[in-house]
Amino acid sequence: MKFSTLTHTLLLPLALLTALGACSKPPALAAPAGITITPLKSYSRIESWMLLKFAGVSSIPAAYAIDTYRVNYPVTREDGTVSRASGLLALPRDIAPRRIVSFQHGTTSNREAVPSRLDLTGIAASVIFAGNGYMLLAPDYLGLGDSPGVHGYYVASDEALAVTGLIAAARQLPEAPKGKIFLSGFSQGGHVTLAAMRQMEDDGEQLLGAAPVATAIDIRHLSLGIALKGNSTSDTLYLAYIARGFAAHYGHALDSVLTPASVALVIDLFSTPHAGEEIVEALPADPRAIFQSEFLEAFDKSGSHWFLDAIAANDFVGMTPQAPLRLYYGESDIDVVPEEAIRGAERYRSRGADARAISVGPFDHNASLLAAAPLIFDWLQSLEACAADLAACDTKS
């Protein structure tokens, strides 16, 4: 769930790349009807290598220069209304991409701090995947980037729509490769990854695999109770963000779950540009302080409340993944606790799924993504080798 991803680690290399002034504009792409594609920046192999080296993931190569684009595409919501969404497209330079990889970003409180604006997560995902021959897609999510309205934070249907809509738009391009898609994501992006995986498999699509990092699977019965304790400094932000998004999506008054004072504060903090750190500072350290007593009583006594029901409706406890699934986690993560991955994998395996929880070591929330990146990259290579030759399958990875 963490709102700040890779920022402090990658600021120095990004500043160096800017100082070098070597970024150029990519060639234009012909956009299908109803879709807008805007060239952003190109990055050389040297620039990509520098970024990976400074980020501490130098074990991942940078085989190709990359071209990045902003994609604006239509989405049809559950109620039938058509809206717009945006996301990042990155392509390897001078070769045909070998497969589509969709990477889903973590929590952001700023609609401009998204992949299509080339935030640090978008650049890093582009370098890792497009820089190694893949077509990289990274949706901004509904309510972020160019998408209007309130962001439905952790609303699974909106999350899946953002991913599948961008994939559908990209598949209309002549550059789009065939074959099974690979999904990955971090924190909120892990939740988005499972939402997209469930939707795509329900629609009959076969995926190559999915590799979410620090993913909340059972929010209602595990992560919600932990977040209400306030062990992480970001817990109040997470819960306020979810309450705002769920109230807007499900048509409930925000003061049916938050106190009147908290409603005014939350609307101001999330409706106008504020950094995550500013929101954390402005909100109470005790997450329970923002909630109405009726909600807290319902939670404490296992009672009924629309917010609790909505949270349960957006978990992934009941899904059965069809494609291989690896749930990566940091052993010191207090934002999304390791039990989410461990229990989730056990639950999925009990239904016959190829699912495993994989520790990346004694890392906290943000650091778990950097630690997981080379493992995910290696697993993707092994999945591709297995798809090409069954004898190459590594059943232990």
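Owing to the predicted nature of the structure, the values given are computational and were not obtained by experimental measurement. (Residues numbered from 1 in each chain as written. Predicted model: local features only at pLDDT ≥ 70, side-chain atom pairs only at ≥ 80, totals over all residues. Heavy atoms only, no water.)

*Asks:* Let's hear about the overall build of the protein: which residues, and what values?
*Replies:* Of regular secondary structure, the protein possesses 13 helices and nine strands. For 397 residues, the compact-globule estimate of 2.2 N^0.38 gives 21 Å, and the protein sits close to it at 20 Å. Along the first, second and third principal axes, the C-alpha atoms of the protein reach 60 × 45 × 40 Å. Evaluated residue by residue, the protein yields a buried proportion of 58% over its 397 residues. Restricting to contacts in the protein with at least 6 residues of sequence separation, those with at least 24 account for 78%. (Helix = DSSP H or I, 4+ residues; strand = E, 2+ residues; numbered from the N terminus. Rg over C-alpha atoms; globule rule 2.2 N^0.38 Å. Buried < 20%, exposed > 50% of the residue type's maximum accessible area, 1.4 Å probe, protein only. Contact = heavy atoms within 4.5 Å.)

*Asks:* Let's hear about the layout of surface pockets: which residues, and what values?
*Replies:* Approximately 220 Å³ is the volume attributed to the second largest pocket. Lining the second largest pocket are 13 residues, with Lys180, Leu207, Leu208, Ala323 and Pro324 positioned closest to its centre. At three residues, the largest contribution of residues to the lining of the second largest pocket is made by helix 13 (residues 365-388). In terms of residue class, the lining of the second largest pocket is built from seven nonpolar, two polar and four charged. (1 Å grid on protein atoms, 1.4 Å probe; cavity = no way out; pocket = protein on both sides within 12 Å on 5 of 7 lines; lining within 4 Å. Points joined across faces, edges and corners; volume = space filled by probe spheres on them. Nonpolar A, V, L, I, M, F, W, Y, C, P; charged D, E, K, R; others polar.)

*Asks:* Give me the sheet that holds strand 1 (residues 36-43): which residues, what numbers.
*Replies:* Judged by pairing direction, the sheet is mixed, and its nine strands sit side by side in the order 1-2-3-5-4-6-7-8-9 without closing on themselves. Each edge of the sheet is formed by a strand with only one pairing partner; in this case those strands are strand 1 and strand 9 (355-359). Across the sheet, the axes of successive neighbouring strands diverge by a mean angle of 20°, strand direction being ignored. For strand 6 (residues 182-186) and strand 7 (residues 209-213), the ladder comprises five bridges, and the chain directions are parallel. Following the sheet pairing, Gly185 is matched in strand 7 by Pro212. Packing against the sheet, helix 3 (residues 120-129) makes contact with strand 1, strand 2 (66-76), strand 3 (82-92), strand 4 (100-104) and strand 5 (135-139), and its axis sits at approximately 155° to strand 4. (Pairing = 2+ DSSP bridges. Axes fitted to C-alpha atoms, helices over the stretch in contact; angles between N-to-C directions.)

*Asks:* Requested: an account of helix 4 (residues 156-170), with residues and values cited.
*Replies:* If you check helix 4, its first and last C-alpha atoms are 21 Å apart, about what 15 residues at 1.5 Å a residue would give, namely 21 Å. Judged by how many residues are buried, helix 4 sits mostly within the fold: 12 of 15 residues are covered. (Expected span 1.5 Å × (residues − 1).)

*Asks:* Describe the packing of helix 6 (residues 219-228) against helix 12 (residues 338-350), listing the residues and the values that go with them.
*Replies:* It is the contact of helix 6 with helix 12, at a shortest axis distance of 10 Å, that shows an interaxial angle of 170°. Considering the angle they form, helix 6 stands roughly antiparallel to helix 12. Within the contact between the two elements, helix 6 uses Ile219, Leu222 and Ser223 and helix 12 uses Glu339, Glu340 and Arg343. Here the contact of helix 6 with helix 12 is built from residues that sort into two nonpolar, one polar and three charged. (Parallel < 35°, antiparallel > 145°, perpendicular 65-115°, else oblique.)

*Asks:* Would you mind going over helix 13 in detail, with residue names and values included?
*Replies:* Here helix 13 is 24 residues long and its end C-alpha atoms lie 34 Å apart, about the 34 Å a rise of 1.5 Å per residue gives. The axis of helix 13 is deflected most strongly, by about 35°, at Ala372, and proline Pro374 appears within four residues downstream. Its side-chain oxygen placed 3.1 Å from the backbone nitrogen of Ala367, Asp364 serves as the N-cap of helix 13. (Bend = angle between axes of the 7 residues up to and from the residue. Polar contact = N/O pair within 3.5 Å; in protein donor to acceptor, adjacent residues only side chain to side chain.)

*Asks:* Can you break down the packing of aromatic side chains residue by residue, with the values?
*Replies:* Geometry of an aromatic ring pair is reported as the spacing of the ring centres plus the angle between the planes. Enumeration over the complete set of coordinates arrives at 11 aromatic pairs. Look at Tyr153 and Tyr154: their rings are 4.7 Å apart centre to centre, the planes differ by 80°, and that puts the pair in the edge-to-face class. Comparing Tyr153 with Tyr154 shows no difference in burial state: the two are buried. Between Phe291 and Phe295 the ring centres are 4.7 Å apart and the planes differ by 35°, which places this aromatic pair in the tilted class. Exposure remark for Phe295: the relative accessible area of 0% places this residue in the buried category. By the ring-pair criterion, three or more aromatic residues cluster together here, those being Phe246, Tyr250, Phe291, Phe295, Trp306 and Phe307. (Phe/Tyr/Trp six-rings, centres within 6.5 Å; stacked < 30°, edge-to-face > 60°.)

*Asks:* So what's going on with empty space enclosed by the protein? Which residues, and what values?
*Replies:* Under the definition given, this model contains four cavities of 30 Å³ or more. In this structure, the second largest cavity occupies an estimated 60 Å³ of space. If you go around the second largest cavity, you meet 10 residues; those closest to its centre are Ser223, Ile226, Ala227, Asp235 and Asp335. Sorting the residues of the lining of the second largest cavity by element identifies helix 6 and helix 7 (235-250) as the ones contributing at least two each. The element contributing the most residues to the lining of the second largest cavity is helix 6, with three residues. By residue class, the composition of the lining of the second largest cavity is seven nonpolar, one polar and two charged.

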